[in-house]
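Structural overview for review
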Amino acid sequence: MTTVYFVTPPKEKEQVTIITEFLNDKGIEVIFSSPFRSAIEAIKGFGVENEIPMYAVTEFGEMEVNNEPKETFEEVQERMIDGLSMLATNEEGKTIAVCTHPIALSSAIQFFDETFSEADTDRLKANAPVIVKFEFEGEICKNIEEIKAI
């Protein structure tokens, strides 16, 4: 079983310690993060404190938006699923933390759970940071559980 804890960056820097405290007893073996500064800063302290290797990868980045979206929700979803497939293959059997963003996380949840709605995405954005646990057998998602809205 591969377990992935997705964490979204907090709105306030003080909340980073809450994320660290939550992850401390989960047996995290490797960390992946969006390359965006907010995501890296949200998880970096946990990785350094626990001497866990950390990698910034574009697959877990947020939807690029300025005045107009540079990519569609479906494109974000495709790269998130590519990232999850990479984890399921290359990190099989491990417990992993991934710091990503609410829209990107929502796209992954919706891929496996078609009932996950735009209102659910809005809720994730409003409640950041959130932690969502995915469990995989190979590349098959067996369970998704929203653990905590901090």
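This section reports on the structure supplied with the text.

The rules behind each value
- Residues numbered from 1 in each chain as written.
- Predicted model: local features only at pLDDT ≥ 70, side-chain atom pairs only at ≥ 80, totals over all residues.
- Heavy atoms only, no water.
- Patch = residues over 30% accessible without salt bridge, like charges linked within 9 Å, V, L, I, M, F, W, Y side chains within 5 Å.
- Areas by Shrake-Rupley, 256 points an atom, 1.4 Å probe, with all protein chains shown as cover.
- Salt bridge = Lys/Arg side-chain N within 4 Å of Asp/Glu carboxyl O.
- Lys, Arg positive; Asp, Glu negative; His and termini not counted.
- Charge placed at Lys NZ, Arg CZ, Asp CG, Glu CD.
- Helix = DSSP H or I, 4+ residues; strand = E, 2+ residues; numbered from the N terminus.
- Buried < 20%, exposed > 50% of the residue type's maximum accessible area, 1.4 Å probe, protein only.
- Expected span 1.5 Å × (residues − 1).
- Bend = angle between axes of the 7 residues up to and from the residue.
- Contact = heavy atoms within 4.5 Å.
- Axes fitted to C-alpha atoms, helices over the stretch in contact; angles between N-to-C directions.
- Parallel < 35°, antiparallel > 145°, perpendicular 65-115°, else oblique.
- Nonpolar A, V, L, I, M, F, W, Y, C, P; charged D, E, K, R; others polar.
- Core = buried A, V, L, I, M, F, W, Y, C linked by side-chain atoms within 4.5 Å.

Next up on the list: a negative patch on the surface. A contiguous patch of negative charge on the surface is contributed by Glu-74, Glu-75, Glu-78 and Asp-82. Among the structural elements, Glu-75 can be located in helix α3 (residues 73-90). Residue Glu-75 is classed as partly exposed on the basis of its relative accessible area, which comes to 42%.

To continue, consider the pattern of salt bridges. This structure, assessed with the given rule, holds seven salt bridges. With a shortest N-O distance of 2.7 Å, Lys-26 and Asp-25 are connected by a salt bridge. Among the residues examined, Lys-26 registers a relative accessible area of 23% and is labelled partly exposed. Note that Arg-79 and Glu-71 form a salt bridge whose closest N and O atoms lie 2.7 Å from each other. Accessibility classification places Arg-79 together with Glu-71 in one group, the buried group. Through salt bridges with shared partners, a single ionic network connects Asp-120, Arg-123 and Glu-146.

Here the focus is helix α2 (residues 37-50). Structural remark: α-helix, 3.6 residues per turn; residues separated by three or four positions point the same way. Taking 1.5 Å of rise per residue, the 14 residues of α2 would be expected to cover 20 Å, and the 20 Å separating its terminal C-alpha atoms lies within 8% of that figure. Its axis deflected by about 35 degrees at Ile-43, α2 carries its strongest bend there. Considering only its buried residues, α2 is in contact with α1 (16-23), β2 (30-33), β3 (54-56) and β4 (95-99). Once α2 finishes, Glu-51 follows within two positions and takes phi at roughly 55 degrees, a positive value.

A separate point is the side chain of Thr-20. Locating Thr-20 in the fold gives a position in helix α1. Using a relative accessible area of 9% as the deciding quantity, one classes Thr-20 as buried.

Closest axis-to-axis distance for the α3/helix α4 (residues 102-112) pair is 8 Å, and the angle between their directions is 75 degrees. One element, α3, and the other, α4, form an angle in the roughly perpendicular class. Of the residues in α4, those in contact with Phe-73, Val-76, Gln-77, Met-80, Ile-81 and Leu-84 of α3 are Ile-103, Ala-104, Leu-105, Ser-106, Ser-107, Ala-108, Gln-110, Phe-111 and Phe-112. Split into classes, the residues belonging to the contact of α3 with α4 amount to eleven nonpolar, four polar and no charged.

What follows covers the nonpolar core. By size, the foremost hydrophobic cluster in this structure holds 26 residues, and its most contacted members are Phe-6 and Phe-134. Among residues more than four places away in sequence, those in contact with Phe-6 are Phe-60, Met-80, Leu-84, Val-98, Thr-100, Leu-105, Val-130, Ile-131, Val-132 and Phe-134. In terms of nonpolar packing, the next biggest core, distinct from the first, is built from 15 residues, Ala-42, Ile-43, Phe-46 and Ile-52 among them.

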